[in-house]
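Take a look at the letters that make up each chain.
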Amino acid sequence: MGERTRSFSDPDTLFELVRSDTPVWDDGFKMGEPTGEVVCEGCGASAAAPEYINHDKDCSQRDVTSEWYDELH
Ligand SMILES: [Zn+2]
């Protein structure tokens, strides 16, 4: 501890929360509602949480933790 981890709000981390583009009766999420899926804009990989993202070997965001994500939930 002590060292501040990079977070979602830092300008050098780029993640996109996937929002539903289908009606609620289709996937359980309303239009525009976050599905819980997150996409790394560094390499395009996606997962249910940043810690599950399988980044490319040379992705600059491999070290970004899910702490910001945990704070959102
Ligand atoms: Zn990545």
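Being a predicted model, the structure only gives us computed values, none of them experimental.

Participant: Explain the confidence of the model for the chain to me, using residue names and the numbers behind them.
Facilitator: Across the chain, the average pLDDT comes to 80, with 70% of residues at 70 or higher. Taking the mean pLDDT of every element in the chain, the minimum, 59, falls on helix H2 (residues 67–72) and the maximum, 93, on helix H1 (residues 24–27).

Participant: Residues and numbers for the sheet that holds strand S1 (residues 15–19), please.
Facilitator: Taken in spatial order, the three strands line up as S1-S2-S3 in an open sheet, and their pairing is antiparallel. Each having just a single partner strand, S1 and strand S3 (46–47) make up the two edges of the open sheet. Bridge count for S1 against strand S2 (residues 34–40) is four bridges, and the pairing is antiparallel. When the sheet's bridge partners are listed, arginine 19 is paired in S2 with proline 34.

Participant: Outline the environment of aspartate 27, supporting the account with residue identities and numerical values.
Facilitator: Within the element layout of this structure, aspartate 27 appears in helix H1. Aspartate 27 gets classed as exposed once you count the C-beta atoms within 10 Å, which come to 12. In contact with aspartate 27, other than residues within four places in its own chain, are Ser20 and Thr22.

Participant: Pulling in residues and values, what's your account of the environment of glutamate 41?
Facilitator: With respect to the secondary-structure elements, glutamate 41 resides in the loop between S2 and S3. Note: C-alpha distance between glutamate 41 and glutamate 16 (25 residues apart in sequence) is 6.8 Å. Apart from residues lying up to four places away in sequence, glutamate 41 is in contact with Leu14, Phe15 and Glu16.

Participant: Could you give me a rundown of the environment of threonine 22, with the residues and numbers involved?
Facilitator: Along the chain, threonine 22 falls in the loop between S1 and H1. C-alpha separation for the pair threonine 22 and glycine 32, spaced 10 residues apart in sequence, amounts to 8.1 Å.

About the cut-offs
Residues numbered from 1 in each chain as written. Predicted model: local features only at pLDDT ≥ 70, side-chain atom pairs only at ≥ 80, totals over all residues. pLDDT = per-residue confidence, 0-100. Helix = DSSP H or I, 4+ residues; strand = E, 2+ residues; numbered from the N terminus. Pairing = 2+ DSSP bridges. Buried ≥ 20, exposed ≤ 12 C-beta atoms within 10 Å, placed from the backbone. Contact = placed C-beta atoms within 7 Å.

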